[in-house]
Amino acid sequence: MNDRIRTDIAHNARVWNYWLGGKDNYPVDRAVGDQVTGFYPSIGEVARADRAFLGRAVTHLAAEAGMRQFLDIGTGLPTADNTHEVAQRIAPDARIVYVDNDPIVLTHARALLTSVPEGVTEYVDADAHDPERIVAAAAGTLDLSRPVAVLMLGILNFVQDTDEARSIVRTLMTAVPSGSHLVLTHPTLEPELGGEGNKAAMAFWNENATPPITARSREEFASFFDGLDLLEPGIVSCSRWRPSDGESQVVAQFGAVGRKP
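Residues numbered from 1 in each chain as written. Predicted model: local features only at pLDDT ≥ 70, side-chain atom pairs only at ≥ 80, totals over all residues. Heavy atoms only, no water.

Colleague: I'd like a rundown of the side chain of Gln253, residues and numbers included.
Modeller: Summarising the element assignment, Gln253 is placed in strand 10 (residues 253–259). Since its relative accessible area comes to 3%, Gln253 is described here as buried. With residues near it in sequence (within four places) discarded, Gln253 still touches Trp16, Val46, Asp50, Gly154, Thr185, His186, Pro187, Thr188, Leu193, Val236, Ser237 and Cys238. (Helix = DSSP H or I, 4+ residues; strand = E, 2+ residues; numbered from the N terminus. Buried < 20%, exposed > 50% of the residue type's maximum accessible area, 1.4 Å probe, protein only. Contact = heavy atoms within 4.5 Å.)

Colleague: Which residues make up the packing of aromatic side chains, and what values do they have?
Modeller: Going through the model one piece at a time under the given rule, you end up with 7 aromatic pairs. When the centroid spacing of 6.2 Å and the interplanar angle of 10° are considered together, the rings of Tyr98 and Tyr123 count as stacked. Residue Tyr98 is found in strand 3 (residues 95–100), and its partner Tyr123 is found in strand 4 (residues 120–125); the two are separated by 25 residues along the sequence. Pair check on accessibility: Tyr98 and Tyr123 agree, each one buried. For the ring pair Phe221 and Phe225, a centre distance of 5.6 Å and an interplane angle of 65° mean the geometry is edge-to-face. Of the two residues, Phe221 and Phe225, neither departs from the other in class, the shared state being buried. Taken together, the aromatic side chains of Phe221, Phe224, Phe225 and Phe254 make up a single cluster linked through ring pairs. (Phe/Tyr/Trp six-rings, centres within 6.5 Å; stacked < 30°, edge-to-face > 60°.)

Colleague: An account of the nonpolar core is needed here, citing residue identities and associated values.
Modeller: Counting 78 residues, the largest nonpolar core has Phe70, Leu71, Ile73, Val150 and Met152 as its most contacted members. Broken down by element, the residue count for this core peaks at 10 residues, all from helix 3 (residues 43–63). If sequence neighbours within four positions are ignored, Met152 has contacts with Ile73, Ala128, Ile168, Leu172, Val183, Leu184 and Thr185. (Core = buried A, V, L, I, M, F, W, Y, C linked by side-chain atoms within 4.5 Å.)

Colleague: Could you give an account of the packing of helix 3 against helix 4 (residues 83–90), with specific residues and numbers?
Modeller: Contact geometry for helix 3 and helix 4: axes closest at 9 Å, N-to-C directions at 35°. Here the hand of the crossing between helix 3 and helix 4 comes out right-handed. Facing Leu54, Gly55, Val58, Thr59, Ala62 and Ala63 of helix 3, the residues of helix 4 in contact are Thr83, Val86, Ala87 and Ile90. Looking at side-chain class alone, the contact of helix 3 with helix 4 contains 7 nonpolar, 3 polar and no charged residues. (Axes fitted to C-alpha atoms, helices over the stretch in contact; angles between N-to-C directions. Left-handed = near helix turned anticlockwise from the far one by under 90°. Nonpolar A, V, L, I, M, F, W, Y, C, P; charged D, E, K, R; others polar.)

Written as structure tokens, this is what we have:
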């Protein structure tokens, strides 16, 4: 077994997979997932809302904004309606680069995340803490002189230092041209989104799983979009970002899309 694969400690990608109803997880992931759910019963709804937000955001970017290049950082384990599937249904020639540093994720991605013939899907083994490496590797598949949609869903919460998180975003968005987009989700403790329950759940997570996680305020989340134009409806619960039913339940996960002017 790859010595980077730890089956004795819960890992975010596998626990998230468990909350989404997947099977790519271990007993330790399910045990920690159940414990977190005990602290924060709506965590499964958060996971599903985050995934649904991804689909709506990518649909908008491919269908309305004309995006044909996507850089999905922190891919996670494949489920239904992955980025390339949503994008290539609309634009078969779309090019997608997935980035993750978990060996289980990369193994599954290479097996399951296959492109339609007209497009391209590629995978980069890199850490979100190393945006220069990500940019350099992505340039082998994406034309960085043309707009790119940079997706980081539930990823910056694993960067503990907010200044470092801002620097990561800045490096990535500096590398792409005008017309590029940034798509983010992030957990919060803010009570108007029902985030109070996140506190105990995150404390338990940080003691029992990897990587450690942090929540951020609306102001901190907004700072990641400095210099970008936020698309309507701005910063909202990710479940309320252009929901198809218009009445989606609020979850304690910010979601927003910004465009580089």
